[in-house]
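# Summary of the model geometry
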Amino acid sequence: MVDTIGELSKPLAGKRVLVAGGEGEIGSVISAGLAADGADVAVAGLEQAKCQEVADRLRTDTNRTAGYGFNITDPSSVDGLVDEIVQDWGGIDVLVNCVGILKINLAENFDAAEFRAVVDINLTGAFLLTQAVGKAMIKGGEGGRVVHMTSVRGHVGLAIGGFAAYGASKAGVHLLIKQLASEWGKHQISINGVGSGFVRTALSEAALQNPDFARMVAERTPLGRVADIQEVANTAIYFAGPRSSFVTGQILYVDGGLSASQ
């Protein structure tokens, strides 16, 4: 059934949204945007206390919020999280997965255990979480939306070494999105991804203080700058809402044109 936007000022009112990694720097901005659009937001991550702090800030008179703790690499923890939210709220309409890890090392020096850790969190964890939420959505029979936060690194390589594990894990997420969109379209479940380029965060700010690095990033990006967190969050919120009702299996690159120019 096609969603209608009409004149709603709260296009996500009544929608139950799970934001995994919603306590993080990017995830918390996404959570805030979803709550502002009227969604009930479940913020989930490794540290429940931090998730609850974010949830408490987002609660209004017209929406519910809650914080949950879970480990995306533990199938029983993932299943327990989804079961708990379904029990508390009656179902999940939207999943936004912001959980991810970046470990950088030259390919010839990359430790096998660290490589597996990146894949376990970024790819296997993404599947486990999507599978658990997807089962709940299929059982509920009302369709749903899944949004994965991913990266341009899953699409293009970089001569500067270090991204073998991260890029490979994100490339796997891109194919996972397409495969699940193909399988679950019959259930009216859409699966999409937001492929960001370099984003201005507290973590990246130190690197951007290096003028040579900042110049390199700007020169590689047609728009000549890095993204603000809100610009990335806006795209995730678009996929979660009614304006993307006929979009599935897509990776939308929020990268200032970097992927178009490679």
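For the structure given in this document, a descriptive report is provided here. A quick note: this is a predicted structure, and the numbers were derived from the prediction, not measured.

Definitions and cut-offs
Residues numbered from 1 in each chain as written. Predicted model: local features only at pLDDT ≥ 70, side-chain atom pairs only at ≥ 80, totals over all residues. Heavy atoms only, no water. Helix = DSSP H or I, 4+ residues; strand = E, 2+ residues; numbered from the N terminus. Expected span 1.5 Å × (residues − 1). Buried < 20%, exposed > 50% of the residue type's maximum accessible area, 1.4 Å probe, protein only. Arc of directions from axis to C-beta. Contact = heavy atoms within 4.5 Å. Lys, Arg positive; Asp, Glu negative; His and termini not counted. Salt bridge = Lys/Arg side-chain N within 4 Å of Asp/Glu carboxyl O. Polar contact = N/O pair within 3.5 Å; in protein donor to acceptor, adjacent residues only side chain to side chain. Core = buried A, V, L, I, M, F, W, Y, C linked by side-chain atoms within 4.5 Å. Pairing = 2+ DSSP bridges. Axes fitted to C-alpha atoms, helices over the stretch in contact; angles between N-to-C directions.

In this model, helix H3 (residues 75–89) (15 residues) spans 21 Å end to end at C-alpha, consistent with the 21 Å of a helix rising 1.5 Å per residue. All of the buried residues in H3 are Ser77, Val78, Leu81, Val82, Ile85 and Trp89. Viewed end-on, H3 has its buried residues packed into an arc of 135°, placing them on one side of the element. Those residues of H3 that are exposed and aimed more than 90 degrees away from the buried face are Ser76, Asp83 and Gln87. The secondary structure elements touched by the buried residues of H3 are strand E1 (16–20), strand E2 (40–45), strand E3 (65–69) and helix H4 (112–140). Trailing H3 by a residue or two, Gly90 shows a phi angle of about 90°, which is positive.

Here we come to the side chain of Asp255. Topologically, Asp255 is positioned in the segment after strand E9 (251–254). In this structure, Asp255 is buried with no salt-bridge partner, the nearest side chain bearing the opposite charge being Arg153 at 8.4 Å. Here the side chain of Asp255 touches Gly257 through a polar contact of 3.0 Å, landing on its backbone nitrogen. A distance of 2.6 Å separates the side chain of Asp255 from the side chain of Ser259, its partner in a polar contact. If we skip the residues at most four places from it in the chain, Asp255 touches Val152, Gly195, Gly197 and Thr221.

Counting residues in each nonpolar core, the largest one holds 31 residues, and the members touching the most others are Leu18, Phe70, Leu81, Ile85, Leu129, Val133 and Ile191. Counting only elements with at least two residues in this core, the list comes to E1, E2, E3, H3, H4, helix H5 (164–184) and strand E6 (189–196). In terms of residue count, H5 provides more of this core than any other element does, six residues in total. Among residues more than four places away in sequence, those in contact with Leu81 are Leu18, Ala44, Tyr68, Phe70 and Leu129. Counting 29 residues, the second largest nonpolar core, distinct from the first, contains Ile30, Leu34, Val194 and Ile229.

A few words now on the sheet that holds E6. Strand order in this open sheet of seven strands is E3-E2-E1-E4-E5-E6-E9, and the pairing throughout is parallel. In the strand order of this sheet, the two ends are held by E3 and E9, each with one partner. Neighbour to neighbour, the strand axes of the sheet diverge by 20° on average, direction disregarded. Pairing between E1 and strand E4 (residues 94–97): four bridges, direction parallel. Residue Val17 lies in a different strand from E4, and its bridge partner there is Val94. Contacting E1, E2 and E3, H3 crosses the sheet at an angle of about 155° to E3.

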